[in-house]
Amino acid sequence: MLQSSLNELDAVLMVARRGKFRTAALELGVSTTALSNAVGKLERTLGVRLFNRTTRSVSLTEAGQRFVAQVAPAVQDIHEAMEVARSQQATPSGTLRINAFPTAAREIFSWLVLPFLRAHPQVHIDIVTEGRLVDIVAAGFDLGVRSADLVPADMIALPLGGLRRNVVVGTPSYLKAHGTPLTPQDLTEHTCLRVRLPNGAIHRWPFEKDGQSVHIDVEGAITLDEASLARTAVLASVGLALAMESDVRDDIEAGRLVRVLEDWTPILSPLSLYYPSRRNPTAAFKAFVDFARRQSGASITLTPSKVRKRQ
């Protein structure tokens, strides 16, 4: 009877799901080499090739398709059985996988994630940040963190904190040299830090006042998709930046940055921690949700999210 480790089976299923070794390795938290070795070991054990590999793509062979179709339900049953066993633990332990927007991860890291780890040192938290919307169930995550208006309606959602907002900021020296914009349209006369969205489009800066909404295509010398780089650039007086208030609050309070167009920056939806209904949550999962509820001051009763997406 052929014997294969669960790790090897998980490796094959993740590569089949993602279609790329590198992406699958990132999802599993291992190196691409380790993942390739695990898949190769199982192929040698089975005596059959499961994947067609080229320099540009990976696809299942006919034998691989049959194998994955038969094995996937069994592996899912094994993982569920392991979760049932772990749920009986008195002490939370094991790994929790969380998917979040980068801005959301930064917002919860200091007041939620780090205090939880101090309280539960046997739990390991694996955070994956990405700007695109992810099906956390299909991708193998335990929890997600997104704006409340982006949480799927069939998920259980726990509000985290209050309302959030974007701010337009610049250094005092930049504003002294170039003037202060008083309306969104004034930004056309300024150098701004452009932001690239996950889909490749350039973000149009959103503004709202007295029921009037406007989106501005800003211009500038730099286009970025990383908030820490944008903060570095705006502090260097390269131009004005649109940032999450939480990312630059310390700079504003210290006087390094100044807010402009305050009456035009709209309030954003609060964050939510969300997850699917689970019959046998692990001790670590229950501990994290309970900790998040206490930290955020949310209601004891959790209900599926019904917040509509902002148009």
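Please read all numbers here as calculations on a predicted model, not as lab measurements.

Asker: Give a description of the layout of surface pockets that names residues and reports values.
Answerer: Summary: where empty space remains is shown by rolling a probe the size of a single water molecule over the atoms. In this structure, the second largest pocket spans a volume of roughly 1,600 Å³. Forming the walls of the second largest pocket are 45 residues, and the residues nearest its centre are H79, E83, R97, G140 and D142. Listing elements by their share of the lining of the second largest pocket, those giving two or more residues are α1 (6-18), α2 (21-28), α3 (32-46), α4 (62-86), β3 (94-100) and β4 (123-129). Broken down by element, the lining of the second largest pocket gets its largest block of residues, 10 residues, from α4. Of the residues in the lining of the second largest pocket, the class split is 22 nonpolar, 12 polar and 11 charged.

Asker: If you had to explain the packing of α1 against α3 to someone new, which residues and values would you point to?
Answerer: The axes of two packed helices give the description: the angle between them and the distance between them. α3 packs onto α1 with a crossing angle of 105° between their chain directions and a minimal axis gap of 8 Å. One element, α1, and the other, α3, form an angle in the roughly perpendicular class. Residues E8, L9, A11, V12 and V15 of α1 pack against L35, A38, V39, K41 and L42 of α3.

Asker: Kindly report on the packing of α1 against α2, identifying the contributing residues and their values.
Answerer: Between α1 and α2, the shortest axis-to-axis distance is 8 Å and the interhelical angle comes to 125°. In terms of orientation, α1 lies oblique with respect to α2. For the pair α1 and α2, the crossing hand works out as right-handed. Counting all contacts with α1, which are made through D10, A11, M14, V15 and R18, the residues of α2 involved are F21, T23, A24, E27 and L28.

Asker: Give a description of the packing of aromatic side chains that names residues and reports values.
Answerer: With the rule as written, the count across this model stands at four aromatic pairs. Aromatic side chains F116 and F291 sit 5.6 Å apart centroid to centroid with 70° between the ring planes, which places their arrangement in the edge-to-face category. Taken as a pair, F116 in helix α5 (residues 102-119) and F291 in helix α9 (residues 283-296) lie far apart in primary sequence, 175 residues in all. Taken as a pair, F116 and F291 share a single burial class, namely buried. Each ring, one from Y275 and one from F285, has its centre 5.0 Å from the other, and the planes form 90°; the classification is edge-to-face. With Y275 in strand β15 (residues 271-275) and F285 in helix α9, this residue pair connects regions lying 10 residues apart in the sequence. Following the ring pairs from residue to residue traces out a cluster consisting of F116, F288 and F291.

Asker: Which residues make up the environment of L42, and what values go with them?
Answerer: Checked against the element boundaries, L42 lands in helix α3. Judged by relative accessible area, which is 0%, L42 ranks as buried. L42 sits 108 residues away from L150 along the chain, and the two C-alpha atoms are 39 Å apart.

Asker: Go over helix α8 (residues 245-253) with me, naming the residues and quoting the values.
Answerer: Within α8 the residues assigned to the buried category are E245, V248, D251 and I252. Across the axial projection of α8, the buried residues extend over an arc of 120°, all falling on one side. Away from its buried face by more than 90 degrees, α8 exposes D250 and E253. Contacts from the buried residues of α8 go to β7 (164-170), α7 (227-235), β12 (241-244) and β13 (258-260). Directly after α8, the chain includes G255, whose backbone phi takes a positive value near 85°.

Asker: Please provide a residue-by-residue account of unusual backbone geometry, values included.
Answerer: Positive phi, close to 65°, is recorded for S237, a residue that is not glycine. Along the chain, the position of S237 falls in the loop between α7 and β12. Despite not being glycine, L261 has its phi angle at roughly 55°, a positive value. Checked against the element boundaries, L261 lands in the loop between β13 and β14 (267-268). A relative accessible area of 5% places L261 in the buried class.

Asker: Break down the confidence of the model for the chain for me, with residues and values.
Answerer: Overall, the prediction assigns the chain a mean pLDDT of 87, with 93% of residues at 70 or greater. Confidence drops under a pLDDT of 50 for residues 298-311, and excluding neighbours within four residues, the segment shows 31 contacts in the predicted structure.

Asker: Outline the pairing of β12, listing residues and values.
Answerer: Going residue by residue along β12, you find A241 and A243 tucked away on one face and L242 and M244 tucked away on the opposite face as well. Alignment of β7 against β12, held across four bridges, turns out to be antiparallel. Bridging from a neighbouring strand, N166 pairs with M244 of β12.

Asker: Summarise the side chain of S93; cite the residues concerned and give the values.
Answerer: Mapped onto the elements of the fold, S93 is located in the loop between α4 and β3. Take S93: its relative accessible area is 18%, and that puts it in the buried class. Other than its neighbours up to four places away in sequence, S93 contacts Q122, V123 and A284.

What counts, and where the lines are drawn
Residues numbered from 1 in each chain as written. Predicted model: local features only at pLDDT ≥ 70, side-chain atom pairs only at ≥ 80, totals over all residues. Heavy atoms only, no water. 1 Å grid on protein atoms, 1.4 Å probe; cavity = no way out; pocket = protein on both sides within 12 Å on 5 of 7 lines; lining within 4 Å. Points joined across faces, edges and corners; volume = space filled by probe spheres on them. Helix = DSSP H or I, 4+ residues; strand = E, 2+ residues; numbered from the N terminus. Nonpolar A, V, L, I, M, F, W, Y, C, P; charged D, E, K, R; others polar. Axes fitted to C-alpha atoms, helices over the stretch in contact; angles between N-to-C directions. Parallel < 35°, antiparallel > 145°, perpendicular 65-115°, else oblique. Contact = heavy atoms within 4.5 Å. Left-handed = near helix turned anticlockwise from the far one by under 90°. Phe/Tyr/Trp six-rings, centres within 6.5 Å; stacked < 30°, edge-to-face > 60°. Buried < 20%, exposed > 50% of the residue type's maximum accessible area, 1.4 Å probe, protein only. Arc of directions from axis to C-beta. pLDDT = per-residue confidence, 0-100. Pairing = 2+ DSSP bridges.

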